[in-house]
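This is what each chain is made of:
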Amino acid sequence: MKRLFKNGSIAKGDSKEFEKADVLVGEWGTIELVAPEVSADTETEVVDCEGCLLVPGMFDLNVRAREPGFEHKETLVSCAEAALNGGVTGCVLMPDTAPPTDSGTLVKAVQDLVSENSPIPMLVSGCLTKKREGQAMAGFSGMVSRGVPMLTDSGNEVQCPDLLRRCMEYARDFDVLVACHCNTSALTKAGAVNEGPVSYRLGLPGIPTISQEIAIDRDIRVAGFTNARLHLQQVSTRGAVRSVAAAKADGVRLTCEVSPHHLLMSEEYIADYDTKYKLDPPLRCQSDVDAMLRGLIDGTIDAIASDHSPHTEFEKSSDFATAPFGVSGLDTTVLALYDGFIKPGYFGWDLLIQRYSIAPRKIAGVDPVSIKEGEKADFFVFDPNAETAITREYLKTKSPVTPFLGRTLAGAIRQTVVGDFCFAK
Amino acid sequence: MSELKPRKDLLDIESLSLEEIEYVLENAFPFKQLFQRSVKKVPTLRGKTVLNLFYEPSTRTSSSFEVAASRLSADVTNFTISASSVVKGESLLDTIETLQAMRSDYIVVRHQSAGVPGIVAKHTGASVVNAGDGYHAHPTQALLDSMTFREVYPEYQGRKIVIVGDILHSRVARSTSTLFNKLGVEVGVLGPGSLVPAGRHDFMQRFSSWDDVFDWGPDAIYLLRVQMERQEGQFFPSIAEYHRMYGMNSERVARMRQLGAYLMHPGPVNRGVEITDEAMGYEKSLISTQVENGIAVRMAVLHWLKPEIHAD
């Protein structure tokens, strides 16, 4: 059946202006017409979008669907639903499954699971080192031939600089992106929160900012030295942003991402040992948070990535030092950023589309999406005048552990359209 | 004394009002006088149960709570959980569930991880007393320290105390310095740079040598225990060097004596590390008084807290 999205306005990455137009999606999921005052025939379902925006689908570079191995935390089905619920129409899956995807065969196995279970593209990334152990290189060629968008050990940074160098040299010839979640384990140790007045007050072991910054500086040097393409995951400190800006000016082939949590929250949120604020990297101090926003706006930070890391409530109900790092993010990222930044006027939809739809797709090597005639339908309907209560029922992820649970955020995602598939609420 | 709002748990010092602090300290003194009598018991908590839940071994603190509870005529159960049984898989929430079934009125918790007493408090109607959690807090230690200080200095405001040693990993330093600061006692710290985090407590004056400390003229010197098992080599070069730089020795005792300053220590003492044998004999040492006051303060705390347990 054809669908006509009537009376809405189209948001774009390259313009602050919205285009008032009706959008007709054909029965095969292609946008047939974008024009004012399109009339529907009797075969067409009309979706009234009065007062709403049509926004290109977002793309998340840092997602864990937990399958295979941790299906009690999340599955590909629940992960895809969470994505669609949050206006995300594509993502990169991290390789930290069990077993980790460190070979072409395993990548293929997860790709098959994705195609059976997910209505949206989920690109399977591969490991840099075998089992993500940082000891020996994983089988690059098999994984690259399966089309991995990046090689990364995800939460495990390769600690040995020589091994990282060889990985980057080897990756360069395949022109495959190397992604690093920067962390110096000798400095992080058993840390649970950012080191500083808050870690002191709470009596929790701290993670110093230099733990990320030294790793970032090292990885940038190695990338510059080997001329590999490097993507830095989850930058969190103002020093990190400075290093990235300097390296980009030096011509290093470098991109980086930030999470919505590090854009919106400081360590001061961790009152009362609430584990839904236990993140890796940890929430930092307010001046770091401010630097994240500046870096996102000026383009030093290329992309937003939710670092979707679902855990069960029981796992997160442990004491702060013992509880696992990470929270779920796919359901809430667009709403949280609209509520925190777009509505109050810090930046516009154009920037969010640039950083959470266009740039991440470019980094992952896929074509950007836009709402134009002839393109595959890939967008969501956003009502800026509504609000959304983030409840357990609202969240589609299996893990309701998010800092936004219990909050009411401005805006509402009415439905998400991917080709002929429509996720409506 | 005016009526206080009832309080269920004692988890830290930060959340205490001055009135509450005064209430506990003033009640501790009559309990202490009780110790001079041949019968040291009062019937205050008769029929109530106190559970000592210790995830970290601690003979001194758990005994102190046990004595305090039994002098209040409560029944005491000791529930010591070794790290190995935690590894076997019973989670904290499972344990709390079990404790709920035991229907204790008071639970005294020590845990290696900061924040755990708060989790226990949230999940049970029993009054929870934090007996030390991670590097976070040890509120009854702070209360007994200030009781001890106020016994020797009834005019305590504006007086000075210096805390010496590992501030970074010390819940005692955090709670005790916070309480002294609330009471208007000036707090200084002395210790190696690797163990005294910079810029953490703006109310504490940082010293880098004993000379500076003695020039400041403290009324008491509070030595912290050196956690030898985890620190040598990582935070300072050797025990011998620590002892030379920061330990209390005869020469430093002589300077303390000139000042008339008292010596305090939360125990147990590492002789030859933070303090020499000779210095242990210093006539103005309050170390045993601290132990005695610990029982009185813990009685006052148990007497003060009000469990929220309703009979079904």
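Residues numbered from 1 in each chain as written. Chains lettered and ligands numbered in written order. Predicted model: local features only at pLDDT ≥ 70, side-chain atom pairs only at ≥ 80, totals over all residues. Heavy atoms only, no water.

A. Up close: the overall build of chain B. In terms of regular secondary structure, chain B is built from 13 helices and nine strands. Here the C-alpha radius of gyration of chain B, 20 Å, is about what a compact globule of 312 residues would show, namely 20 Å. Each of the three principal axes of chain B carries a C-alpha extent, and together these read 65 × 45 × 35 Å. The long-range fraction of contacts in chain B, counting pairs at least 24 apart against all pairs at least 6 apart in sequence, stands at 75%. Counting 33 positive and 37 negative side-chain charges, chain B places the averaged centre of each group 3 Å from the other. (Helix = DSSP H or I, 4+ residues; strand = E, 2+ residues; numbered from the N terminus. Rg over C-alpha atoms; globule rule 2.2 N^0.38 Å. Contact = heavy atoms within 4.5 Å. Lys, Arg positive; Asp, Glu negative; His and termini not counted. Charge placed at Lys NZ, Arg CZ, Asp CG, Glu CD.)

B. Focus on the interface of chain B and chain A. On the chain A side, the residues contacting the 23 residues of chain B number 17 residues. The contact between chain B and chain A buries some 1,500 Å² in all, and 58% of this surface belongs to carbon and sulfur atoms. At the boundary of chain B and chain A, one finds one salt bridge. Counting the contacts that link chain B with chain A gives four residue pairs in polar contact (both at pLDDT 80 or more). Broken down by secondary-structure element, the contributors of at least two residues to the side of chain B that touches chain A are helix H4 (92-102) and helix H5 (116-122) of chain B. (Buried area = accessible area lost by both parts, 1.4 Å probe. Salt bridge = Lys/Arg side-chain N within 4 Å of Asp/Glu carboxyl O. Polar contact = N/O pair within 3.5 Å; in protein donor to acceptor, adjacent residues only side chain to side chain.)

C. Representation of the side chain of Asn130(B) within the structure. All names here are of chain B. One can find Asn 130 in strand S4 (residues 127-133). A polar atom in the side chain of Asn 130 sits 2.7 Å from the backbone nitrogen of Gly 132. Side chain to side chain, Asn 130 and Asp 133 meet in a polar contact 2.8 Å long. Excluding residues within four positions of it along the chain, Asn 130 makes contact with Leu 10, Leu 11, Val 109, Pro 117, His 136, Ala 137, His 138 and Pro 139.

D. Focus on the layout of surface pockets. Of the pockets and cavities examined, the second largest pocket occupies roughly 770 Å³. What lines the second largest pocket is a set of 33 residues, and nearest its centre among them are Asp272(A), Tyr273(A), Asp274(A), Thr275(A) and Lys122(B). If you list the elements that add at least two residues to the lining of the second largest pocket, you get helix H6 (197-202) and helix H11 (313-316) of chain A together with H5 and S4 of chain B. Of all the elements, H5(B) adds the most residues to the lining of the second largest pocket, at four residues. Taken together, the residues of the lining of the second largest pocket break down into 10 nonpolar, 10 polar and 13 charged. (1 Å grid on protein atoms, 1.4 Å probe; cavity = no way out; pocket = protein on both sides within 12 Å on 5 of 7 lines; lining within 4 Å. Points joined across faces, edges and corners; volume = space filled by probe spheres on them. Nonpolar A, V, L, I, M, F, W, Y, C, P; charged D, E, K, R; others polar.)

E. How the structure looks around empty space enclosed by the protein. Scanning all chains against the criterion turns up three cavities of 30 Å³ or more. Taken together, 10 residues make up the lining of the largest cavity; nearest its centre are Arg201(A), Glu14(B), His136(B), Arg174(B) and Thr178(B). The set of elements that each furnish at least two residues to the lining of the largest cavity consists of H6 of chain A together with helix H7 (171-182) of chain B. Counting residues per element, the lining of the largest cavity draws most heavily on H7(B), at three residues. Residue composition of the lining of the largest cavity, by class: three nonpolar, four polar and three charged. Approximately 50 Å³ is the volume attributed to the second largest cavity. Lining the second largest cavity are Gln234(A), Ser259(A), His261(A), His262(A), Leu279(A), Asp280(A), Ser306(A), Asp307(A), Gly326(A) and Val327(A). Its residues assigned to classes, the lining of the second largest cavity shows two nonpolar, six polar and two charged.

F. Looking closely at the packing of aromatic side chains. All told, the structure shown has 18 aromatic pairs over all chains when counted by the stated rule. Taking 6.4 Å as the distance between ring centres and 75° as the angle between the ring planes, the aromatic pair formed by Phe380(A) and Phe382(A) counts as edge-to-face. Accessibility classification places Phe380(A) together with Phe382(A) in one group, the buried group. Consider the rings of Trp210(B) and Phe214(B), whose centres lie 5.4 Å apart with planes at 20°: the pair is stacked. Within this pair, Trp210(B) and its partner Phe214(B) are both found in helix H8 (residues 210-216), separated by four residues, close to a single helical turn. As far as burial versus exposure is concerned, Trp210(B) and Phe214(B) are alike and both buried. Through a chain of ring-to-ring contacts, the aromatic side chains of Tyr338(A), Trp349(A), Phe380(A) and Phe382(A) assemble into a single cluster. The ring of Tyr200(A) has Arg174(B) lying over it, and the distance from NZ or CZ to the ring centre is 4.0 Å. Of note, Lys284(B) hangs over the ring of Tyr262(B), and the distance from its end group to the ring centre comes to 4.6 Å. (Phe/Tyr/Trp six-rings, centres within 6.5 Å; stacked < 30°, edge-to-face > 60°. Buried < 20%, exposed > 50% of the residue type's maximum accessible area, 1.4 Å probe, protein only. Lys NZ or Arg CZ within 6 Å of the ring centre and 35° of its normal.)

G. Molecular detail of the sheet that holds strand S15 (residues 230-233) of chain A. Residue and element names in this part refer to chain A. Read across the sheet, five strands follow the order S11-S12-S15-S16-S17 without closing on themselves; strand pairing throughout is parallel. The sheet terminates laterally at strand S11 (150-152) and strand S17 (303-304), the two strands that pair on one side only. Examined bridge by bridge, S11 and strand S12 (residues 177-181) share three bridges and lie parallel to one another. Pairing of Thr 152 across the sheet is with Ala 179, part of S12. Each of S15 and strand S16 (254-258) is contacted by helix H8 (residues 238-249), which is oriented at about 155° to S16, the strand it contacts most. (Pairing = 2+ DSSP bridges. Axes fitted to C-alpha atoms, helices over the stretch in contact; angles between N-to-C directions.)

H. Local environment of the pairing of strand S6 (residues 186-190) of chain B. Residue and element names in this part refer to chain B. Of all the five residues making up S6, four are buried; the element is thus mostly covered by neighbouring parts of the structure. With five bridges joining them, strand S5 (residues 160-164) and S6 adopt parallel strand pairing. Bridge pairing in S6 links Ile 163 to Val 189. Handedness of the crossover joining S5 and S6 through H7: right-handed. In this sheet, strand S7 (residues 204-207) lies alongside S6 in parallel orientation, the contact comprising four bridges. (Right-handed = clockwise from strand over helix to strand, strands pointing away.)

I. Spotlight on the packing of helix H6 (residues 139-152) of chain B against helix H13 (residues 287-304) of chain B. All names here are of chain B. Between H6 and H13, the shortest axis-to-axis distance is 8 Å and the interhelical angle comes to 120°. In terms of orientation, H6 lies oblique with respect to H13. Handedness of the crossing formed by H6 with H13: right-handed. On H13, the residues touching Thr 140, Gln 141, Leu 143, Leu 144, Asp 145, Met 147, Thr 148 and Glu 151 of H6 are Thr 289, Gln 290, Asn 293, Gly 294, Ala 296, Val 297, Arg 298 and Val 301. Class assignment of the residues belonging to the contact of H6 with H13 gives a composition of six nonpolar, seven polar and three charged. (Parallel < 35°, antiparallel > 145°, perpendicular 65-115°, else oblique. Left-handed = near helix turned anticlockwise from the far one by under 90°.)

J. Quick peek at the nonpolar core. In terms of nonpolar packing, the biggest core is built from 101 residues, with Met58(A), Leu232(A), Trp349(A) and Phe382(A) touching the most fellow members. The element best represented in this core is helix H12 (residues 333-342) of chain A, accounting for seven residues. Summarising the domain contributions, this core has at least three residues from each of domain 1 (3-54 + 373-397 + 405-424) and domain 2 (57-364) of chain A. Of all hydrophobic cores here, the second largest spans 59 residues; its members include Ile13(B), Leu143(B), Ile161(B) and Met204(B). (Core = buried A, V, L, I, M, F, W, Y, C linked by side-chain atoms within 4.5 Å. Domains from an automatic or database assignment.)

K. Highlighting helix H4 (residues 161-174) of chain A. Residues and elements named next belong to chain A. A rise of 1.5 Å per residue sets the reference length of H4, with its 14 residues, at 20 Å; its end C-alpha atoms lie 20 Å apart and thus fit the reference within 8%. Within H4, the full set of buried residues consists of Leu 163, Leu 164, Cys 167, Met 168 and Ala 171. End-on view of H4: buried residues confined to an arc of 135°, all on one side of the axis. Residues of H4 that are buried sit in contact with helix H3 (140-145), S12, helix H7 (209-226) and S15. Just beyond H4, the residue with positive phi is Asp 175, at close to 50°. (Expected span 1.5 Å × (residues − 1). Arc of directions from axis to C-beta.)

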